[in-house]
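Observations on the model geometry
What follows is each chain in one-letter form.
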Amino acid sequence: MKKGEPLKPMLQKIDEDKKHKEDYLVNLKSLNVTKTYPGDTLPRLQFEGKKEKVEMPMTDYALGQLCSKLEIGTSYIRKCLPFPDLVNYNLNKWISYKEDRDLMVRCNETNVRAILSNRYKRLDNDLIAHHTLDKLMDMGAEIQQSRYDGDYLQLTAITPELKGEVKKDDVVQGGITITNSEIGTQTLLIQPFIYRLVCTNGMVVPSILNRFYQKHLGKVLIDLERDTQAIKIIHKMKKQLELVSNPEVFQENLQKLKDAERVKTNSTKIVKLFKSHSVSDYEKAEIYAKLKRNVSEPYFETDHYSLANAITNYANSDDVTEDRSRFLQELGGLIIFSHNPRAVKLR
């Protein structure tokens, strides 16, 4: 399993970033897409701040959110980016046409990073990280992976007392994985995690099972300073950390791993599965190699446990990005824990 980044520097970065992040409640019609400057690759957004006008370039993700709010095609606007005046004209024209409403604009030191509803519930990474880690330490959990990119947070911990054998000398440990986004890409999500000691594979139990999720959605915000809903959610999150690490939950998941050895599949089904989850030809060849198979073989059979472990073992490879590694961990879990892995959309 990829280790991500060291925990202490990551927490320091989260706390430092917090100082430079700012949120604004603004009217849609007060937004103005203005001229770009040398070095800008994306349009600049201007609006009234708390004391003065704010003007900074949007991230690509924020641009997509603005297009969604205006109900116009993001792909068209992206095609127009070489012509900034055309982009500004289109966006400002649609802003003037749309019915006015309040939005939350989230910024960091250099960019508009998100444009969201004024019902967006702020569950920020500093809050999640510190409360989660405090609770995990109290539970005796060991952090195995931590990752933070300014907007997205992922923490994975192992609980040493949750341990069992799938088969002789194939020991797995139970754990917890927590993910959160500050810009609307996903909910706050807590899921069981399975760690295979023999080859340090990690597998995420799908969000459809044994999971806690909290949508970033709450009451309409009039005053950002009176946003107190997060306190109750944090309390629920801590309780869920205890539930997910319950020995009974681990034993249920361990039994599903054992059962997966008896669930047969074949290369025809695997090809269809990979196609439905956009697994590339290169990834397919690497996973087949982990199964000691070749993509040129016309037909072979294996079991769900072996297939899931081949996928999650490949997820550890140096040439696999952090994002893709997480996806493959989720895909491995889907094969073990879902009756129909093809029918569930991971992303």
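Details of the structure are given in the entry above.
Residues numbered from 1 in each chain as written. Predicted model: local features only at pLDDT ≥ 70, side-chain atom pairs only at ≥ 80, totals over all residues. Heavy atoms only, no water.

Overview of empty space enclosed by the protein
- In this structure the tally under the stated criterion is three cavities of 30 Å³ or more.
- Of the volumes computed, that of the largest cavity is approximately 60 Å³.
- As for the largest cavity, its lining consists of Val172, Ile194, Arg196, Asn201, Gly202, Met203, Leu257, Tyr305, Asn309 and Thr312.
- Partitioned by chemical class, the residues of the lining of the largest cavity number five nonpolar, four polar and one charged.
- Of the pockets and cavities examined, the second largest cavity occupies roughly 40 Å³.
- In this structure, the second largest cavity is lined by Leu162, Gly174, Gly175, Pro192, Phe193, Ile194, Val244, Asn246, Val249, Phe250 and Asn253.
- For the lining of the second largest cavity, the elements supplying multiple residues, two or more each, are strand S9 (170-181), strand S10 (188-196) and helix H7 (247-260).
- In terms of residue class, the lining of the second largest cavity is made up of seven nonpolar, four polar and no charged. (1 Å grid on protein atoms, 1.4 Å probe; cavity = no way out; pocket = protein on both sides within 12 Å on 5 of 7 lines; lining within 4 Å. Points joined across faces, edges and corners; volume = space filled by probe spheres on them. Nonpolar A, V, L, I, M, F, W, Y, C, P; charged D, E, K, R; others polar. Helix = DSSP H or I, 4+ residues; strand = E, 2+ residues; numbered from the N terminus.)

Let's talk about the environment of Leu162
- With respect to the helices, strands and loops of the structure, Leu162 is situated in strand S8 (residues 152-167).
- Counting along the chain gives 171 residues from Leu162 to Gly333, while the straight-line C-alpha distance between them is 18 Å.
- Not counting chain neighbours up to four residues away, the residues in contact with Leu162 comprise Val172, Gln173, Gly174, Ser245, Pro247 and Phe250. (Contact = heavy atoms within 4.5 Å.)

Remarks on the sheet that holds strand S3 (residues 44-48)
- Judged by pairing direction, the sheet is antiparallel, and its three strands sit side by side in the order S2-S3-S4 without closing on themselves. Only two strands of the sheet have a single neighbouring strand rather than two, namely strand S2 (32-34) and strand S4 (53-57). Neighbour to neighbour, the strand axes of the sheet diverge by 30° on average, direction disregarded.
- Across three bridges, the pairing between S2 and S3 is antiparallel. If you follow Thr34 over to S3, its bridge partner there is Arg44. (Pairing = 2+ DSSP bridges. Axes fitted to C-alpha atoms, helices over the stretch in contact; angles between N-to-C directions.)

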